[in-house]
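Summary of the model geometry
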2 protein chains.
Amino acid sequence: MGKVYLVGAGPGAADLLTVRAARLLGQADVLFHDALVDDEVLALAPQARHVAVGKRCGQLSTVQQFINRQLIDAARRYSCVVRLKGGDPMLFGRAQEEIAALADAGIEVEAVPGISAAFGASSALGLSLTRRGLSRSVVFLTPAVGSGERPHAWADAARGADTVVLYMASRQAEVIAQGLMATGMPPGRPAVLVENASLPGQRVLPTTLGQLPDTARELGGGPALIMVGDIYAGLLGQAAGGLDEESLRTAAA
Amino acid sequence: MGKVYLVGAGPGAADLLTVRAARLLGQADVLFHDALVDDEVLALAPQARHVAVGKRCGQLSTVQQFINRQLIDAARRYSCVVRLKGGDPMLFGRAQEEIAALADAGIEVEAVPGISAAFGASSALGLSLTRRGLSRSVVFLTPAVGSGERPHAWADAARGADTVVLYMASRQAEVIAQGLMATGMPPGRPAVLVENASLPGQRVLPTTLGQLPDTARELGGGPALIMVGDIYAGLLGQAAGGLDEESLRTAAA
């Protein structure tokens, strides 16, 4: 019986994997990875059989069950099975369903953390998620609506938090802006969209809550994060169409 | 003029640093580190001058100004200055004050993310911070009270979030339990204390919000995190006095 490692791939750049994750990639017999994992990361496991289990935003439960099944089968054939997930495996990754399915099948599982997108983006921006006098709480959420729920129920979690980070959000900018404003946030609240954080194609688009849907139309197809809070006020009024490294440094100072 | 890297040391274990962080430690001329950083991490920079800037919980602003001053002086004398912070530098680390002071002095700064304690603990527990049907939002906060504030104002951020993670919290378990219950959370809400996440001395203490102050008395002096939410219900009723690896696996399944 093999062992399955649920490994965080980090925000994008290969050298933002943990040392433990990089070592496991080099030892893997088979590597299951999301569609969003960068090629340079996959290149750390040249010896492994690579299997793309391409979930992007769809996340149908049939797809998840198929992934669970593939992981169980692989652990019965191989000694070291790596399941690589973008960011950290324990945040918005449906890891618990994979862990439960593997445990039910009697297969050992170990999770290895990764840098979640919010941290990759914050380091790239040079802007801390918390700041004395401005932000002492951060909430991570996703704008999913459960069946039978009010349309903006997900936004309740953002009500009291100083900084709000929205994952899997770039195509739902309209809903997000409406939902957050419905909690009483003003349309002028600063926000920033970060696409491809830590990768060469990184884009940083400062905006406000009210302008968020318009700004989101400028995004390409890469993974993007929406961050909202007064700590992003310094980014406003910077170069339109995205910030380059020099203007980011000026804005963070 | 040298460059200063604000580097996340991760939750504790040396192989949970990022590859980039480990490389920078090996290149550092001088290394400024918090008191909580593990010796095995510091051993990655044998060539560097090590300077402990031992903030634990005190965080007096005079201390912060002294650290800022030391970083500026070091960047004027050395080429590669690493400022190593426990977890991720951009969460509860007062990074912005260091970045601003360095920028004011005309010194280049780059942040390198690290695994924040909540992610280290979640992987160690085998329990995801989010879970379909149980948790789709996570808030990270610290129970600090600003001057002139209501005693439990910090707890407002936890009101709508499904999972609540409290940093720098182990000595304030009484205040935390009171503050969260004042928002309407029931005393039976599951919680877990994780001390020394990812290190050999890791301890996992499942409890409830009502029992939190009693359970916190069992903690040693290591860095500890308090996590609260229904996703921790499976840990309750497990072995008293902390969970070993086997019972963690059972509880997560």
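On a predicted model such as this, the values are computed, not experimentally measured, just so you know. Numbering of residues starts from 1 in each chain and follows the order in which that chain's sequence is written. Labels follow written order: the first chain is A, the first ligand is 1, and so on. Only residues with pLDDT of at least 70 get local features here, since the model is predicted, and only at 80 or more are side-chain atom pairs given and counted; chain-wide, interface and lining totals rely on the full set of residues.

As a further point, take the overall build of chain A. Helix numbering and strand numbering both begin at the N terminus, where a helix is a DSSP run of H or I of at least 4 residues and a strand a DSSP run of E of at least 2. The number of helices and strands found in chain A is eight helices and 10 strands. Partly exposed residues are those whose C-beta has more than 12 but fewer than 20 other C-beta atoms within 10 Å; 20 or more makes a residue buried and 12 or fewer makes it exposed, with C-beta atoms placed from the backbone. Within the span of chain A, comprising 253 residues, buried residues form 53% of the whole. Partitioning the intrachain contacts of chain A with sequence separation of at least 6 by distance along the chain shows that 69% fall at a separation of at least 24. We call two residues in contact whenever the C-beta atoms placed from their backbones are within 7 Å.

Our next topic: the pairing of strand S2 (residues 30-33) of chain A. Residue and element names in this part refer to chain A. Neither face of S2 is left uncovered, since the one carrying Val 30 and Phe 32 and the one carrying Leu 31 and His 33 both have all their residues buried. Strands pair, by our definition, only if DSSP identifies at least two bridges between them. Pairing analysis gives four bridges linking S2 to strand S3 (residues 49-52), with the strands arranged parallel. Each residue of the ladder has a partner; that of Leu 31, found in S3, is His 50. Sheet topology note: the S2/strand S4 (residues 80-85) ladder contains four bridges and is parallel. From the neighbouring strand, Leu 31 faces S4, where its bridge partner is Val 82.

All right, on to the domain arrangement of chain A then. Residue and element names in this part refer to chain A. When cut into domains, chain A gives domain 1 (3-112) and domain 2 (117-252). The interface is formed by 12 residues belonging to domain 1 together with 12 residues belonging to domain 2. Polar here means any residue other than Ala, Val, Leu, Ile, Met, Phe, Trp, Tyr, Cys and Pro, which are nonpolar, and Asp, Glu, Lys and Arg, which are charged; Gly is therefore polar. Among the residues forming the side of domain 1 that touches domain 2, the class breakdown is seven nonpolar, four polar and one charged. The start and end points of each domain follow an automatic or database-based domain assignment.

Our focus in this paragraph is the relation of the copies chain A and chain B. Expressed as a screw transformation, the operator carrying chain A onto chain B has a rotation angle of 180 degrees and an axial translation of 0.0 Å, and the superposed copies differ by an RMSD of 0.0 Å. The transformation just described matches what one would write down for a two-fold rotation axis. Both copies share a contact surface, since 100% of the interface residues of chain A are interface residues in chain B too. The copies were overlaid with a least-squares fit restricted to C-alpha atoms from residues scoring a pLDDT of at least 70 in each copy.

Here we take up the interface of chain A and chain B. Taken together, the contact between chain A and chain B spans 53 residues of the former and 53 residues of the latter. The biggest single contributor to the side of chain A that touches chain B is helix H4 (residues 95-104) of chain A, with six residues. The residue makeup of the side of chain A that touches chain B, split by class, is 28 nonpolar, 13 polar and 12 charged. The pairing of strand S6 (residues 137-141) of chain A with strand S6 (residues 137-141) of chain B spans five bridges and is antiparallel. Across the sheet, residue A:Phe140 finds its bridge partner in S6(B), namely B:Val138.

Right, let's get into the sheet that holds strand S9 (residues 203-208) of chain A. Strand pairing within a sheet occurs via backbone hydrogen bonds; the two strands may be parallel or antiparallel. Pairing is mixed in the open sheet, where 10 strands are placed in the order S9(A)-S8(A)-S10(A)-S7(A)-S6(A)-S6(B)-S7(B)-S10(B)-S8(B)-S9(B). The strands lining the two open edges of the sheet, one partner per strand, are S9 of chain A together with strand S9 (203-208) of chain B. Mean inter-strand twist for the sheet, computed between neighbouring axes without regard to direction, equals 20 degrees. Across six bridges, strand S8 (residues 190-195) of chain B lies against S9(B) in antiparallel orientation. Helix axes use the C-alpha atoms of the stretch in contact, all axes being lines fitted to C-alpha atoms, and the angles between their N-to-C directions lie in the range 0 to 180 degrees.

Listed as buried for helix H1 (residues 19-27) of chain B are B:Arg20, B:Ala21, B:Leu24 and B:Leu25. Take H1(B) and look down its axis: the buried residues cluster within an arc of 140 degrees, on one side only. Each C-beta atom gives one direction from the helix axis, and the arc is the one those directions make.

Turning to its location among the elements, B:Thr142 is positioned in the loop between S6 and strand S7 (163-166). In sequence terms B:Thr142 and B:Trp154 are 12 residues apart; their C-alpha atoms lie 7.4 Å from each other. Apart from the residues within four sequence positions on either side, B:Thr142 is in contact with A:Arg136, B:Phe92, B:Leu166, B:Tyr167, B:Met168 and B:Ala169.

Here the focus is the environment of A:Arg20. On the secondary structure map, A:Arg20 appears in helix H1 (residues 19-27). Residue classification places A:Arg20 among the buried positions, given that 23 C-beta atoms sit within 10 Å. Measuring from C-alpha to C-alpha, the distance between A:Arg20 and A:Pro113 comes to 9.1 Å, with 93 residues separating the pair along the chain. Ignoring sequence-local partners within four residues, the contact set of A:Arg20 consists of A:Val112, B:Asp15 and B:Leu16.

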